[in-house]
Amino acid sequence: MTAHLLPPGIEVFERGWLSANNILHFSDNDVSLVDSGYCAHKNLTVDLVCNALKKHQLPKLNKLVNTHLHSDHCGGNAALATAFNCEIYIPAAEEIAVKNWDSTLLSYDNLGQECPQFAHHAVLIPGEEILLGKYVWKILAAPGHDPHSIMLYEADHRILISADALWEEGFGVIFPELWGEAGFEEVAQTLDLIETIPVDLVIPGHGAPFTDVARSLSIARSRLDYLASDPGRNARHGAKVLLKYRLLEWRSRDIAQVNDWIANTPALISAAKLLNMDIDEFIQWLPKALVKSGAAKLEGETLVDLA
Ligand SMILES: [Zn+2]
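Everything numeric here is computed off the predicted structure, so don't read it as measured data.

1. Details of the sheet that holds strand β3 (residues 31-34)
Pairing is mixed across the open sheet formed by six strands, whose spatial order is β1-β2-β3-β4-β5-β6. Single-partner strands in this sheet number two, and they are β1 (10-13) and β6 (122-124). The average undirected angle you get between the axes of adjacent strands in this sheet is 25 degrees. When β1 meets strand β2 (residues 22-26), the two strands line up antiparallel, connected through four bridges.

Quick look at the structure:
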């Protein structure tokens, strides 16, 4: 574990894949949380924060900061706002989408996911700084996985909160490419940016914190080359991740309902087009592809999640 590498005033709640990690920052003056997990786990997220507040004898949660607005990073926002009356900070580029709660602009319709509505109080502007707990963090733009994603960097301890821009073994799906927007070049630029910063510890959006940044950058770059050299690969991978993610929540689902969800999810319809499949062909292919990869199994007419 890397918990001993964290300076005082930072605690990471490492979550499963359905919920992104939550990072608690605390001092006498400020208690902030980065990312709030998926809505299905909202009670656990509130409990994790409550327990940590008790453990560290802190009065309340002041701020909730979202690296980006995918449903696994902000699905707990509404519940945390109700529990703690905290202020919510979102990437500046998402302000109008959140204000109007435009679920198309916010990706939930497009990706076939859910996120309870919340209101924001402030925005995160790349290049500016924000106080989280004891330390001041620089806000960095990190487009690629999501065009509006940000990362957070603390120079004294050389810590990077990378969200889904860099994991120990890769990065989040390059979603924009699924519907014909640019993403490969942005991922490359974000990896280049990370390489220019002195980083001793990365706290990713998913998985344990890690220290060998050079190794992870090299894995991420070869992964990017593999995906960008054949956009069909990115589309197939993205489609499987979207179904797997949904299945993590469902646990098991009648195949007819799975097919119905696939046929009504715009990002998957776009992926089918990119793969030159008609939607019936795609519906035949996707659940089988997930089974073939070992992430699910078919029991009669039911698709079952395999951890
Ligand atoms: Zn994400």
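The discussion continues.
2. Overview of the domain arrangement of the protein chain
On domain assignment, one finds that the protein chain holds domain 1 (3-228) and domain 2 (231-305). On a C-alpha basis, the centres of domain 1 and domain 2 stand 26 Å from each other. Contact residues are listed per partner, giving 23 residues for domain 1 and 19 residues for domain 2. Across the interface of domain 1 and domain 2, roughly 1900 Å² is buried in total on both sides, 60% from carbon and sulfur atoms. Linking domain 1 with domain 2 are one salt bridge, by the criterion used here. Notably, a salt bridge pairs Glu-114 with Arg-246, separated by 2.8 Å at the nearest N-O pair. Taken together, domain 1 and domain 2 are joined by nine residue pairs in polar contact (both at pLDDT 80 or more). It is helix α7 (residues 213-228) that provides the largest number of residues to the side of domain 1 that touches domain 2, a total of four residues. Within the side of domain 1 that touches domain 2, the residues separate by chemical class into 14 nonpolar, four polar and five charged.

3. So, the coordination of the zinc ion
His-68 (NE2), His-70 (ND1), His-145 (NE2) and Asp-164 (OD) make up the full set of protein donors to the zinc ion, lying at 2.1 to 2.5 Å. In the primary sequence, the donor residues of the zinc ion line up as H-x1-H-x74-H-x18-D. One end of the pair, His-68, is in the loop between β4 (63-65) and α2 (71-74); the other, His-145, is in the loop between β8 (135-141) and β9 (150-154), and 77 residues separate them in sequence. Both residues of the pair, His-68 and His-145, count as buried.

4. A closer look at the packing of aromatic side chains
For any two aromatic rings, the description comes down to two numbers: the centre-to-centre distance and the angle of the planes. As enumerated under the stated definition, the model contains six aromatic pairs in all. Ring centres of Trp-250 and Trp-261 lie 5.7 Å apart, and the angle between their planes is 85 degrees; this geometry places the pair in the edge-to-face category. Note that Trp-250 is positioned in helix α8 (residues 231-250) and Trp-261 in helix α9 (residues 255-263), a separation of 11 residues in sequence. This pair shows no difference in class: Trp-250 is buried, exactly as Trp-261 is. Through a chain of ring-to-ring contacts, the aromatic side chains of Trp-101, Tyr-108 and Phe-118 assemble into a single cluster.

5. Examining the pattern of salt bridges
In this structure the tally under the stated criterion is 12 salt bridges. For the salt bridge of Arg-221 with Glu-195, the shortest nitrogen-to-oxygen distance reads 3.0 Å. Here Arg-221 is found in helix α7, whereas its partner Glu-195 is found in helix α6 (residues 184-196), with 26 residues between them in sequence. The class for Arg-221 is partly exposed, based on a relative accessible area of 26%. What you see here is one network of salt bridges that share partners, running through Glu-114, Arg-246 and Glu-249.

6. Topic: the sheet that holds strand β14 (residues 302-305)
As summarised here, the arrangement of the three strands in space is β12-β14-β13, forming an open sheet in which the pairing is antiparallel. In this open sheet, the two edge strands, each paired with only one partner strand, are β12 (252-254) and β13 (296-299). When the angles between neighbouring strand axes are averaged without regard to direction, this sheet yields 20 degrees. Across three bridges, β12 lies against β14 in antiparallel orientation.

What counts and how
- Numbers given to residues run from 1 along each chain, matching the order in which its sequence is written.
- Residue-level local features of this predicted model are given only where pLDDT is at least 70; pairs of side-chain atoms are given and counted only at 80 or more, and the full residue set underlies all totals for whole chains, interfaces and linings.
- To get the side-chain values, all heavy atoms of the structure are used, and hydrogens and water are removed first.
- The rule for pairing is simple: two strands pair if DSSP sees at least two bridges between them.
- Numbering of helices and strands starts at the N terminus; helices are DSSP runs of H or I of at least 4 residues and strands are runs of E of at least 2.
- Angles run from 0 to 180 degrees between N-to-C directions of axes, and those axes are lines fitted to C-alpha atoms, restricted for helices to the stretch in contact.
- Note that domain bounds follow an automatic or database assignment of domains.
- Any two residues whose heavy atoms approach within 4.5 Å at even a single point are treated as in contact.
- Two parts placed together each lose some accessible area under a 1.4 Å probe, and the buried area is that loss summed for both.
- Note on definitions: salt bridges are taken to be side-chain nitrogens of Lys or Arg within 4 Å of carboxyl oxygens of Asp or Glu.
- Within 3.5 Å is the distance limit for a polar contact, defined as a pair of N or O atoms, with the added protein rule that one can donate a hydrogen and the other accept it, and that residues adjacent in sequence qualify only through two side-chain atoms.
- Put simply, Ala, Val, Leu, Ile, Met, Phe, Trp, Tyr, Cys and Pro go in the nonpolar bin, Asp, Glu, Lys and Arg in the charged bin, and everything else, Gly too, in the polar bin.
- Think of the donor list as every N, O and S atom within 2.8 Å of the metal, or within 3.2 Å for Na, K and Ca; water never makes the list, so a site can look incomplete.
- Only protein chains enter the calculation, and the probe is 1.4 Å; a residue is then buried if its accessible area is under 20% of its type maximum, exposed if over 50%, and partly exposed in between.
- Planes of paired rings set the category: under 30 degrees apart is stacked, over 60 is edge-to-face and the rest tilted, where pairs are Phe, Tyr or Trp rings (Trp by its six-membered ring) whose centres lie within 6.5 Å.

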